[in-house]
Amino acid sequence: MQNTRECRFPGNFVWGAATAAYQVEGAAHEDGRGESIWDRFSNTPGKVRNGESGEIACDHYHRYREDVALMRELGLDAYRFSIAWPRILPMGRGAVNEKGLDFYDRLVDELLDSGIEPFVTLYHWDLPQALEDEGGWTNRATADAFAAYTHVVVRRLGDRVRHWITLNEPWVVAWPGYALGVLAPGRDGGEAAALQAIHVQLLAHGKGMEVIRGAAPEAQAGITLNLTPIYPASEAEDDVRSARYTDGRENRWFLDAVFTGHYPDDMLELWREHVPSIEGRDMDTISMPIDFLGINNYSRGVVRADPTGRNKLGLDVRPENAKFTDTGWEVYPDGIFDLLERVRREYGPRRIYITENGAAFPDVRSHDGQVHDPERVQYLEWYTDSIGRALEGGVPLAGYFVWSLLDNFEWAHGYWKRFGITYLEYSTLERVPKASFQWYRSFITRRKAAAKETQRVG
Ligand code: GCO
């Protein structure tokens, strides 16, 4: 039987996997790399589980050839990785460390030699500590430093890299990082700090876009946002209102700024005492056209009104009879469908890539030496099915990146939470493809064969 599902994805759909520098590279003190806020945070007692850090991580810095071989085996079209700013500019600005650039140069060449397209994220949370010491993302000067850093990188790699992502998940940097202090840099400045950190990051994104346009005019560039569809716990008016505010914090604050050049009015009103200082042409810079929107999505949120009325954003509800992953996130594949539909309808991006999607489960190596992870396979089957439905419904979806190629340093969780389709034996750094790796490999092969067949018949 010809399964119609197999035909959904066009032949040029990009199948990929993603990682981030601090989570996989290791080699924290090698070849002139400077200190990042994640080195500092990890080395601060009590911040990361078991005092772990990205000092060695997966040692991708030295083993990237082996990792690219895994990607070849998977049949990947693309690899999304990030560049460590402190490898390129150890003090955040000024002197360039050529050895840092050399590493990414080798990685890009290795990928291209293997027929794998590099998707490069310029900032995935590892700010040079020297810039944090001057105020980090709450200081507007950091946006200019980012533009200068972008210029250095694009000048070196722009002849070969055709896809650039300015920032990864400014929401996470701002809220857990600057408001709550649970991720680096560990500041607990509340709403005001978060909103200022978002504004400066979005400014950096816009300035970075300008630099990329100038230095690599043929390249495609965009930003990656973590977006979470928010559902009210009931139809009751106050639940719906709370869900709308939570949606404002999670999604609209970013989407409205990037696509319309305005922060949403209801949120500006709600946060009137904390709004950031917006100067001159900031919002034009922030909303300059992007070629694609990167979306990271893992789950959904369900919200009910706070009975005391104090918290306008309401309270999180843990749905009953639902499935959860090892990070406590609900498995809700319809969520990514709803999200994609909504983004298409309300914001009309030219193109969308799912730049991250995946799940953590407490994987173990079993007596046969293998890692059986049926829950992850199930998760990926469901989520890819949902995005296929969205694509058929007209969402301009161009690719999908599974998070992650490898188990890696999961931030404040340390190495405890495993998101990889490849298992990392941390004591030996051995890579063990999980069952989900084999699943993804055959999934990609089947999709490609089906697309070819459609083309031939069509
Ligand atoms: C993210 C982070 C990843 C995480 C993943 C799982 O962009 O949220 O990019 O680094 O590891 O999301 O939490």
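In this text the structure is predicted, and so the values were computed from the model without any measurement.

Peer 1: What am I meant to see in the sheet that holds strand β9 (residues 315-316) here?
Peer 2: Across a sheet, paired strands are connected by hydrogen bonds in the backbone, their directions being either parallel or antiparallel. Here we have three strands laid out as an open sheet, ordered β6-β8-β9, and mixed in their pairing. Looking at the sheet topology across the chains shown, the edges are occupied by β6 (230-232) and β9. Here two bridges tie strand β8 (residues 301-304) to β9, and the two strands are oriented antiparallel to one another. Residue pairing across strands places Arg304 opposite Leu315, the latter belonging to β9.

Peer 1: Would you mind showing me how to read the site of the ligand here?
Peer 2: Around the ligand, 13 residues are found, and the nearest of them are Gln23, His124, Glu169, Glu356 and Glu410. One of the side-chain N or O atoms of Asn296 is found 3.5 Å from an oxygen atom in the ligand. Taking Trp403, its side chain carries an N or O atom lying 3.2 Å from an oxygen atom of the ligand. Across the complex, the protein chains shield 95% of the 310 Å² of accessible surface that the ligand would expose by itself. Of the residues in the shell around the ligand, the class split is six nonpolar, four polar and three charged.

Peer 1: Where do I start with the pairing of strand β2 (residues 78-82) in this structure?
Peer 2: Most of β2 sits inside the fold, with five of its five residues counted as buried. The side-chain alternation of β2 yields two buried faces, one formed by Ala78, Arg80 and Ser82 and the other by Tyr79 and Phe81. As defined by bridge partners, strand β1 (residues 14-18) adjoins β2 across three bridges and the pair is classed as parallel. Considered in β2, the bridge of Ala17 is made with Tyr79. In the sheet, β2 pairs with strand β3 (residues 117-123) via five bridges, with the strands oriented parallel. Looking at β3, one finds that Arg80 is bridged to Phe119.

Peer 1: How do you make sense of the pattern of salt bridges when you look at a structure like this?
Peer 2: Side-chain pairing between opposite charges can occur once the charged atoms of the two side chains come close. Counted according to the given criterion, the structure contains 46 salt bridges. A salt bridge links Asp159 to Arg160, with the shortest nitrogen-to-oxygen separation between them at 3.0 Å. Accessibility expressed as a relative area gives 61% for Asp159, which makes it exposed. Classification of Arg160 as buried rests on a relative accessible area of 17%.

Peer 1: Could you clarify how one ought to interpret the packing of aromatic side chains in this entry?
Peer 2: Note on aromatic pairs: each is described by the distance of the centres and the angle between the planes. For the structure on display, the rule yields 43 aromatic pairs. With centroids separated by 6.1 Å and ring planes inclined at 80°, the aromatic side chains of Trp38 and Phe409 adopt a geometry described as edge-to-face. Separated by 371 residues along the polypeptide, Trp38 in helix α2 (residues 37-42) and Phe409 in the loop between β11 (397-403) and β12 (422-425) bring together distant segments of the chain. Across the pair, exposure class does not vary: Trp38 and Phe409 are buried alike. Taking the centre distance of 4.2 Å and the plane angle of 10° together, the rings of Trp253 and Tyr263 count as stacked. With Trp253 in helix α10 (residues 237-260) and Tyr263 in the loop between α10 and α11 (265-270), this residue pair connects regions lying 10 residues apart in the sequence. You can call Tyr263 buried: its relative accessible area is 3%. An aromatic cluster of at least three residues, connected via ring pairs, comprises Tyr22, Trp38, Phe41, Trp125, Phe409, Trp411, Tyr415 and Tyr426. Stacked on the ring of Phe337, the Lys or Arg Arg389 has its end atom at 4.6 Å from the ring centre.

What counts, and where the lines are drawn
- Residues numbered from 1 in each chain as written.
- Predicted model: local features only at pLDDT ≥ 70, side-chain atom pairs only at ≥ 80, totals over all residues.
- Heavy atoms only, no water.
- Pairing = 2+ DSSP bridges.
- Helix = DSSP H or I, 4+ residues; strand = E, 2+ residues; numbered from the N terminus.
- Near = heavy atom within 4 Å.
- Polar contact = N/O pair within 3.5 Å; in protein donor to acceptor, adjacent residues only side chain to side chain.
- Areas by Shrake-Rupley, 256 points an atom, 1.4 Å probe, with all protein chains shown as cover.
- Nonpolar A, V, L, I, M, F, W, Y, C, P; charged D, E, K, R; others polar.
- Buried < 20%, exposed > 50% of the residue type's maximum accessible area, 1.4 Å probe, protein only.
- Salt bridge = Lys/Arg side-chain N within 4 Å of Asp/Glu carboxyl O.
- Phe/Tyr/Trp six-rings, centres within 6.5 Å; stacked < 30°, edge-to-face > 60°.
- Lys NZ or Arg CZ within 6 Å of the ring centre and 35° of its normal.

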